Amino acid sequence: MKKMHHDAELIKEFRDQLKQIFEKSGHGVYLYLDDVHKTCNKKFAEILGYKTAAEWEKLDYLFLRKFVDDKSQKDLVHAYKKAVHKFEASKLNVTWNTKTNKKVKTEVVMVPLEFKGHILALHFVEKVKEKNTSISTAFQH
């Protein structure tokens, strides 16, 4: 139980340290330690269909199964391991599962950060704008 409390405090303190980033970034931002110990900004919560960051943060589902599309899981795990074990940033496409089970395509930039001897991964998430594949009526005869 003590480790769980320690991890919760660690996430809270780290979020407080990064307060400006969480509040002012135009991107969705989340910080992940494990399925229970995670935090995000309002923008990321909204991308996934939640009204507030707190609503998303309190969920303790298996992160990958609940939030990440099957086809994106392997790439996200690989990028996370690169961040926390090799201290390398990554940029990748990730499809997320929303609260209502819709799919949202995003681009994620993941960077490793050290805080109080712990290596964590900070994620910046931006929705990918869908390309309009229909032919403009101006060019149709």
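The structure this text deals with has already been given above.
The notes below deal with the structure included here. Sequence order sets the numbering: in each chain, residues are counted from 1 along the sequence as written. Owing to the predicted nature of the model, reporting of local features is limited to residues with pLDDT of at least 70; listing and counting of side-chain atom pairs is limited to 80 or more, with chain, interface and lining totals taken over all residues. Note that the side-chain values use all heavy atoms of the structure and ignore hydrogens as well as water.

With that settled, consider the pairing of strand β5 (residues 118-127). Whether two strands pair comes down to DSSP finding at least two bridges between them. Under the scheme used here, helices are H or I runs from DSSP no shorter than 4 residues and strands are E runs no shorter than 2 residues, and both carry numbers assigned from the N terminus. Where strand β1 (residues 28-32) lies against β5, 5 bridges are found, and the strand directions are antiparallel. Paired with Leu 31 across the two strands is Leu 122, which belongs to β5. When strand β4 (residues 103-115) meets β5, the two strands line up antiparallel, connected through 10 bridges. Of the residues in β5, the one forming a bridge with Glu 107 is Glu 126. Taken together, β4 and the strand that follows it, β5, pair antiparallel across an intervening segment of 2 residues, in which Lys 116 is found at a positive phi of about 50°.

This part takes up the packing of aromatic side chains. Working definition: a ring pair exists when centres of Phe, Tyr or Trp rings (six-membered ring for Trp) sit within 6.5 Å. Plane angles under 30 degrees give stacked, over 60 give edge-to-face, the rest tilted. The tally for this structure, following the rule as stated, stands at 14 aromatic pairs. When the centroid spacing of 4.6 Å and the interplanar angle of 15° are considered together, the rings of Phe 14 and Phe 115 count as stacked. Here Phe 115 lies in strand β4 and Phe 14 lies in helix α1 (residues 2-17), a separation of 101 residues in the sequence. Taken together, the ring pairs connect Tyr 30, Tyr 32, Phe 44, Tyr 50, Trp 56, Phe 63, Phe 67, Tyr 80 and Trp 96 into an aromatic cluster. Here the guanidinium or amino end of Lys 38 rests over the ring plane of Trp 56, the centre of that ring lying 5.2 Å away. Our definition puts a charge over a ring when NZ of Lys or CZ of Arg is within 6 Å of the ring centre and also within 35 degrees of the ring normal.

So, on to the nonpolar core. In plain words, nonpolar cores are sets of buried Ala, Val, Leu, Ile, Met, Phe, Trp, Tyr and Cys residues tied together by side-chain atoms within 4.5 Å. Only protein chains enter the area calculation, which uses a 1.4 Å probe; residues under 20% of their type maximum are buried, those over 50% are exposed, and those in between are partly exposed. With 27 residues, the main nonpolar core has Tyr 30, Trp 56, Phe 63, Phe 67, Leu 76 and Trp 96 as its most contacted residues. If you list the elements that add at least two residues to this core, you get β1, α3 (42-47), α4 (53-57), α5 (63-67), α6 (70-86), β3 (90-97), β4 and β5. Ranked by residue count, the leading element in this core is α6, at 5 residues. Two residues qualify as a contact provided that any one of their heavy atoms is within 4.5 Å of a heavy atom in the partner residue. Apart from residues lying up to four places away in sequence, Phe 63 is in contact with Tyr 30, Tyr 32, Asp 35, Lys 38, Trp 56, Val 68, Leu 76 and Trp 96.

Here 5 strands make up an open sheet; going across it, the order is β2-β1-β5-β4-β3 and the pairing antiparallel. The open sheet has two edge strands with one neighbour each: β2 (38-40) and β3. Each strand axis lies, on average, 30° off the axis of its neighbour in the sheet, ignoring direction. Inspection of the sheet shows β3 paired to β4 by 8 bridges, in the antiparallel sense. Across the sheet, the residue bridging to Leu 92 is Val 108, located in β4. Helix axes are fitted only over the stretch in contact, all axes being lines through C-alpha atoms; the angle between N-to-C directions runs from 0 to 180 degrees.

In this scheme, a helix's expected span is set at 1.5 Å multiplied by one less than its residue total. An ideal rise of 1.5 Å per residue puts 24 Å on 17 residues; α6 measures up with 24 Å between its terminal C-alpha atoms. Considered for burial, the residues of α6 that qualify are Ser 72, Gln 73, Leu 76, Ala 79, Tyr 80, Ala 83 and Val 84. Along the axis of α6, the buried residues cluster in a sector spanning 145°; they form a single face. Turned more than 90 degrees off the buried face of α6, the exposed positions are Lys 71, Lys 74, His 78, His 85 and Lys 86. Backbone geometry just downstream of α6 places Phe 87 in the positive-phi region, at approximately 60°. It is the directions from the helix axis to the C-beta atoms whose arc is reported.

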